[in-house]
Amino acid sequence: MPQETNLNVAPYFDDFDATKNYNKVLFKPAYPIQARELNNIQSVLQGQIEAMGDNLFKEGTVVIPGAQSYKPTFPCIQIQSEFLGVPVNLYIADLVGKKIIGRTSGVTARVVTYITNQQSDNNNYTLYLNYEDSSDDGNSSEQFFDDEILTTEAPLAFGSSFIAAGEGFANTIASDAAATGTAFTQSAGIFYLRGNFVTVDNQILILDQYTQGSSYRIGFQVEEKIVTSDDDESLYDNASGFNNYTAPGADRLQITATLAKKQLGDYDTQGFVQVAEINNGQLKNAINNSTRYNELGNELAKRTFDQSGH
């Protein structure tokens, strides 16, 4: 699938036409360089890369592996929106990666990710966890209690305030605070998307927030975006070693791939590239770390068939 963004518009005027078989842009002395010619250079090279890439790789295949995994059980704890009058949204993002402890239960866990009350189906701030140690007070609890104060092993700073290590930062909700959801994770790797080799960062996609037995199509939602110096200050001219805010540089075409989910019967594939399927909690059709070859793969399969049979 080629690039979808049309760059043959102002101010880029990239009118590259592959059917004309122009393979180089040849500059001449005393002739001014046109913006469209500079953009054509990139389109010529991109066309060559895409032709080779389409021969070698199928759309959406992994090129440099980034591990994928399905978490059929992803424990979480729901917390109140304020603690001692302080909104938890001021520091909840800083909890990711930190070890937390239940003051009453003695249970310890490490925060993996979170969702806000607006994202939550239950309208509660929710921390997703890897439980590490169960209670050491004899009650054998393996999860945090309802209406329990949670403390942090490391300090939390927010604005001009901070929460010291060992102090409380949140209170779990009064009932049914602990729950179990599901998630799909993707570690950093490179995928072949839209004729480009796109770097994908570490991502966690919550499938079902508080229940299990998920059924979804999992994939990347691919987005193309033009980024200007208004969006990214590093695009201002830095020829003198610092950003010159009176000299914006060229814009950039950015391609990002974000984990997304669709219902099994939803085949609206606009911008969506499937990488796995989960049916009733069972992972199926995952590409994992295996590269899916295109024409090259067909040729290898043919030669194997000729040599070894079906």
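Just above, that's the structure.
Below is a summary of the structure that appears in this document. None of the values given here were measured: they were computed from a predicted structure.

Within the protein one finds two helices and 21 strands. Expected size for 310 residues packed as a compact globule is a radius of gyration near 19 Å; at 26 Å, the protein overshoots this value by more than 25%. The buried share among the 310 residues of the protein stands at 37%. If the 20 positive side-chain charges of the protein are averaged to one point and the 38 negative ones to another, these points end up 10 Å apart.

Residues Phe27, Ile33 and Leu38 make up a contiguous nonpolar surface patch of roughly 290 Å² in combined accessible area. Mapped onto the elements of the fold, Phe27 is located in the segment before α1 (35-56). The exposure class of Phe27 is partly exposed, given its relative accessible area of 40%.

Quick look at the sheet that holds strand β11 (residues 168-171) now. Spatially, the eight strands line up as an open sheet ordered β11-β8-β5-β6-β7-β2-β12-β15, and their pairing is antiparallel. Single-partner strands in this sheet number two, and they are β11 and β15 (203-206). Put simply, the sheet's adjacent strands are angled 45° from each other on average, direction ignored. By the bridge criterion, eight bridges tie strand β2 (residues 68-79) to strand β12 (residues 178-186) in an arrangement that is antiparallel. Paired with Cys76 across the strands is Ala179, a residue of β12.

What follows is about the pattern of salt bridges. The tally for this structure, following the rule as stated, stands at six salt bridges. Between Arg36 and Asp15 there is a salt bridge, with its nearest N and O atoms 2.5 Å apart. Of this pair, Arg36 sits in helix α1 while Asp15 is found in the segment before α1, placing the two residues 21 residues apart along the sequence. For Arg36, a relative accessible area of 34% gives the class partly exposed.

Quick notes on the rules
- Residues numbered from 1 in each chain as written.
- Predicted model: local features only at pLDDT ≥ 70, side-chain atom pairs only at ≥ 80, totals over all residues.
- Heavy atoms only, no water.
- Helix = DSSP H or I, 4+ residues; strand = E, 2+ residues; numbered from the N terminus.
- Rg over C-alpha atoms; globule rule 2.2 N^0.38 Å.
- Buried < 20%, exposed > 50% of the residue type's maximum accessible area, 1.4 Å probe, protein only.
- Lys, Arg positive; Asp, Glu negative; His and termini not counted.
- Charge placed at Lys NZ, Arg CZ, Asp CG, Glu CD.
- Patch = residues over 30% accessible without salt bridge, like charges linked within 9 Å, V, L, I, M, F, W, Y side chains within 5 Å.
- Areas by Shrake-Rupley, 256 points an atom, 1.4 Å probe, with all protein chains shown as cover.
- Salt bridge = Lys/Arg side-chain N within 4 Å of Asp/Glu carboxyl O.
- Pairing = 2+ DSSP bridges.
- Axes fitted to C-alpha atoms, helices over the stretch in contact; angles between N-to-C directions.

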